[in-house]
Amino acid sequence: MNKTRSKNMMGNYTSTRNNKIKTTFSNAVLQGISENGGLFVPINLHPLSLKVLLELSYQEMAIAILKAFIDDFEEEEIANCVRKAYSHTFSTSNVVVINPLADATLLELYHGPTSAFKDVALQLLPQFMQTAKHKHQIKEDTYILTATSGDTGKAALEGFKNIEGIQVICLYPNQLVSKIQEKQMLTTQGKNTQVYAVKGNFDDCQRMVKEVFNDSSFNKKCLDHNIQLSSANSINIGRLCPQVVYYFYTYCQLVKNKTIQLGDEINFVVPTGNFGNILAGYYAKKLGLPIHQLICASNKNDVLTDFIRTGTYNRNREFHKTISPSMDILVSSNVERFIYECCTQDSNRVKECMDDLTKTGSYSLLPDELELLKKEFKSYTADDKMTKQTIHSCFNKTNRIIDPHTAVALNCYKQYQDETQDKTHTVILSTASCYKFPTDVVQAILGITLSEEEAILSIKKNSSEEIPTNINALITMDDVYPNIIKQDELRDKILERMK
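Residues numbered from 1 in each chain as written. Predicted model: local features only at pLDDT ≥ 70, side-chain atom pairs only at ≥ 80, totals over all residues. Heavy atoms only, no water.

**Student:** I tried to follow the overall build of the protein on my own but got confused; where do I start?
**Tutor:** A count of helices and strands for the protein gives 23 helices and 16 strands. In terms of overall size, the protein behaves like a compact globule, its C-alpha atoms giving a radius of gyration of 21 Å where 499 residues would be expected to give roughly 23 Å. Out of the 499 residues belonging to the protein, those deemed buried represent 62%. Total accessible area computed for the protein in this model is approximately 19100 Å², and 46% of it derives from carbon and sulfur atoms. Put simply, the protein has 55 plus and 57 minus side-chain charges, and the middle of one group is 2 Å from the middle of the other. (Helix = DSSP H or I, 4+ residues; strand = E, 2+ residues; numbered from the N terminus. Rg over C-alpha atoms; globule rule 2.2 N^0.38 Å. Buried < 20%, exposed > 50% of the residue type's maximum accessible area, 1.4 Å probe, protein only. Areas by Shrake-Rupley, 256 points an atom, 1.4 Å probe, with all protein chains shown as cover. Lys, Arg positive; Asp, Glu negative; His and termini not counted. Charge placed at Lys NZ, Arg CZ, Asp CG, Glu CD.)

Structure follows, in structure tokens:
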């Protein structure tokens, strides 16, 4: 570890596996993951005033909310990060778009440079990292290691593209992302980026990154070459806190358009595989947002649904390749942060659970821990058949074309309604453009199989939504073939870039 970063400065962050650690936001962002493999979490979050936030633009609200998380940046430093992240990078000035959908609200999070919700955080994380490096006077290069199930990769590659002093290595599971997602990554224009397809699934990619972080001798070798390792995955707290903003922004917009009254509770349905996006909703609730229910939407890889319902996390199950590949995950890293809450911030208990997961592939919560989990979350599952039916019915009823991840969320919302009869106003998080999964979307709507180019043009013909610029540029591009590596080759690839 770098000398500056290894100091446990007094700050508002600790580790899920060692709560004796006290450090700052900038240190947590640069380090990515704590020394013993734990994740950094805020120690204190104080409620915010909704009345103060109500009249703010998205950018202004981001500054106000990020101040609750960032303990060692000046306000102007935060504002500068936000300005750089959100000026001229999104197709809408307020970063996200909110639209009615039947009896709910659709929160469109895909209007950034790679047409997925990851852009909201991954345009900000590079700014956080540069500011933190300047604050700590760090001259060494930073190597960003990123595992992706489809969307994080391109968003990280785009966010960190050509930033001086930063190199990006992106891993994705070979043949387990959509063709558009793969082409987005493989056609990156960054001079400081490298993309590898891994023989395995997303969990293998994520494990490879964590193993490198936890390899002290390899970290020392990197430091000997003046290189620091960090992450752009949501294990990095700098990825997580920007996502809290759109929960507050959506609520305030619903108040302003008189869908709800100030103080009313609302629900959020979140399609999630790594538990980061929905955890951001939980942090929003801790900051005072009136949330009645957070609803976790899973695809056929339903490890989160089983966990929330039973309290047993068990990754010893069949891995399914689905049409919602960004959720094809069996080891959800951010669950660890919520277990820390369930265990009343007992880091020894968290470490016990994580050790069990490593050794046996499963762990179980105690009864009082499970009670808190069930209080905060509901969870439902939609397999591919249900997902396709939902895409089809949504188009027929509303003339709206949604991507498979959004369809999983919408289907799970209907299941929740049928089970609870809850009339609370509900927001569906739409995490990706339908143009990122064109063949599956067209197959669901029209029942025919088209090439990607034909499918994109078919969606355009049947939709009022424009083809995103970044996807339009891919249509006529020749196929690009991946550089495939084995699961034990990441260290070698890092060393190659050092030379």
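**Student:** So what exactly am I meant to see when it comes to the packing of aromatic side chains here?
**Tutor:** Each aromatic ring pair is described using two quantities: the centre-to-centre distance and the angle formed by the ring planes. Enumeration according to the criterion identifies 19 aromatic pairs in this entry. Consider the rings of Tyr282 and Phe338, whose centres lie 4.9 Å apart with planes at 90 degrees: the pair is edge-to-face. Of this pair, Tyr282 sits in helix α13 (residues 276–286) while Phe338 sits in helix α15 (residues 335–342), and the two are 56 residues apart along the sequence. Geometrically, the ring pair formed by Phe307 and Tyr363 is edge-to-face, given 6.0 Å between the ring centres and 70 degrees between the ring planes. In this pair, Phe307 sits in helix α14 (residues 303–310) while Tyr363 sits in strand β13 (residues 362–364), placing the two residues 56 residues apart along the sequence. Of the two residues, Phe307 and Tyr363, neither departs from the other in class, the shared state being buried. Members of the aromatic cluster, each reached through a chain of ring pairs, are Phe69, Phe275, Tyr282, Tyr283, Phe338 and Phe377. (Phe/Tyr/Trp six-rings, centres within 6.5 Å; stacked < 30°, edge-to-face > 60°.)

**Student:** Could you clarify how one ought to interpret the nonpolar core in this entry?
**Tutor:** Burial of nonpolar side chains together is a common tendency in soluble globular proteins. Core analysis: the largest hydrophobic core is formed by 109 residues, its most contacted members being Phe69, Tyr86, Phe128, Phe160, Tyr246, Phe248 and Phe268. The biggest single contributor to this core is helix α12 (residues 237–256), with 13 residues. With sequence-adjacent residues up to four places away left out, Tyr86 is seen in contact with Tyr58, Gln59, Ala62, Val95, Val120, Leu124 and Pro242. Grouped together as the second largest cluster of nonpolar side chains are 38 residues, Ile180, Tyr380, Ile402 and Ile475 included. (Core = buried A, V, L, I, M, F, W, Y, C linked by side-chain atoms within 4.5 Å. Contact = heavy atoms within 4.5 Å.)

**Student:** So what exactly am I meant to see when it comes to the sheet that holds strand β9 (residues 227–231) here?
**Tutor:** Strands in a sheet are paired, the pairing made by backbone hydrogen bonds, and the direction either parallel or antiparallel. In space, the 5 strands of this open sheet follow the order β9-β6-β7-β8-β16, with parallel pairing throughout. The open sheet has two free edges, formed respectively by β9 and β16 (484–485), since each of these has just one partner strand. Here strand β7 (residues 166–173) runs beside strand β8 (residues 193–198); their pairing, made up of 6 bridges, is parallel. Residue pairing in the sheet places Pro173 in a bridge with Val198 of β8. Sheet strands in contact with helix α23 (residues 490–498) are β6 (141–147), β7, β8, β9 and β16, and its direction is about 155 degrees off that of β7. (Pairing = 2+ DSSP bridges. Axes fitted to C-alpha atoms, helices over the stretch in contact; angles between N-to-C directions.)

**Student:** Whenever I open this one, the pairing of strand β15 (residues 426–430) confuses me. Can you help?
**Tutor:** Looking along a regular strand, one sees side chains alternate from face to face of the sheet. Here β15 lies mainly inside the structure; 5 of its 5 residues are buried. Side chains of β15 alternate between two faces, with Thr426, Ile428 and Ser430 and Val427 and Leu429 buried alike. Bridge count for strand β5 (residues 104–108) against β15 is 4 bridges, and the pairing is parallel. Along β15, the bridge assignment pairs Thr105 with Val427. Pairing between strand β10 (residues 266–271) and β15: 3 bridges, direction parallel.

**Student:** Where do I start with the pattern of salt bridges in this structure?
**Tutor:** Pairing is possible between side chains that carry opposite charge, provided their charged atoms lie close to one another. All told, the structure shown has 23 salt bridges when counted by the stated rule. Here Glu75 makes a salt bridge to Lys67, at a shortest N to O gap of 3.3 Å. Judged by its relative accessible area of 46%, Glu75 falls in the partly exposed class. The exposure class assigned to Lys67 is partly exposed, which follows from its relative accessible area of 42%. Lys161 is the partner of Glu158 in a salt bridge, and the nearest nitrogen-oxygen pair spans 3.2 Å. According to the relative accessible area criterion, Lys161 is partly exposed, its value standing at 29%. Linked by salt bridges that have partners in common, Glu108, Arg400 and Glu465 make up one network. (Salt bridge = Lys/Arg side-chain N within 4 Å of Asp/Glu carboxyl O.)

**Student:** Please clarify how the sheet that holds strand β1 (residues 13–15) should be interpreted in this entry.
**Tutor:** Strand order across the open sheet formed by 3 strands is β2-β1-β3, with antiparallel pairing between neighbours. Looking at the sheet topology across the chains shown, the edges are occupied by β2 (18–23) and β3 (40–42). Ignoring strand direction, the axes of neighbouring strands in this sheet form an average angle of 35 degrees. When β1 meets β3, the two strands line up antiparallel, connected through 3 bridges. Its bridge partner being in β3, Thr14 is matched across the sheet by Val41.

**Student:** Can you help me understand the packing of α13 against α15 in this one?
**Tutor:** Relative placement of two packed helices is described by the angle separating their axes and the distance separating the axes. Two elements in contact, α13 and α15, have axes separated by 10 Å at closest approach and are oriented at 35 degrees. Viewed along their axes, α13 and α15 form a crossing whose handedness is left-handed. Each of Leu279, Tyr282, Tyr283 and Lys286 in α13 lies in contact with α15, whose residues at this interface are Arg337, Phe338 and Glu341. The residue inventory of the contact of α13 with α15, partitioned by class, reads 4 nonpolar, no polar and 3 charged. (Left-handed = near helix turned anticlockwise from the far one by under 90°. Nonpolar A, V, L, I, M, F, W, Y, C, P; charged D, E, K, R; others polar.)

**Student:** Explain the side chain of Ser298 to me, please; I cannot follow it from the model alone.
**Tutor:** Along the chain, Ser298 turns up in strand β11 (residues 291–298). For Ser298, a relative accessible area of 1% corresponds to the buried category. A distance of 3.1 Å separates polar atoms of two side chains, one belonging to Ser298 and the other to Thr305. Those residues in contact with Ser298, other than ones at most four positions away along the chain, are Leu304, Thr305, Met327, Ser379, Tyr380, Thr381, Ala382, Val408 and Cys412. (Polar contact = N/O pair within 3.5 Å; in protein donor to acceptor, adjacent residues only side chain to side chain.)

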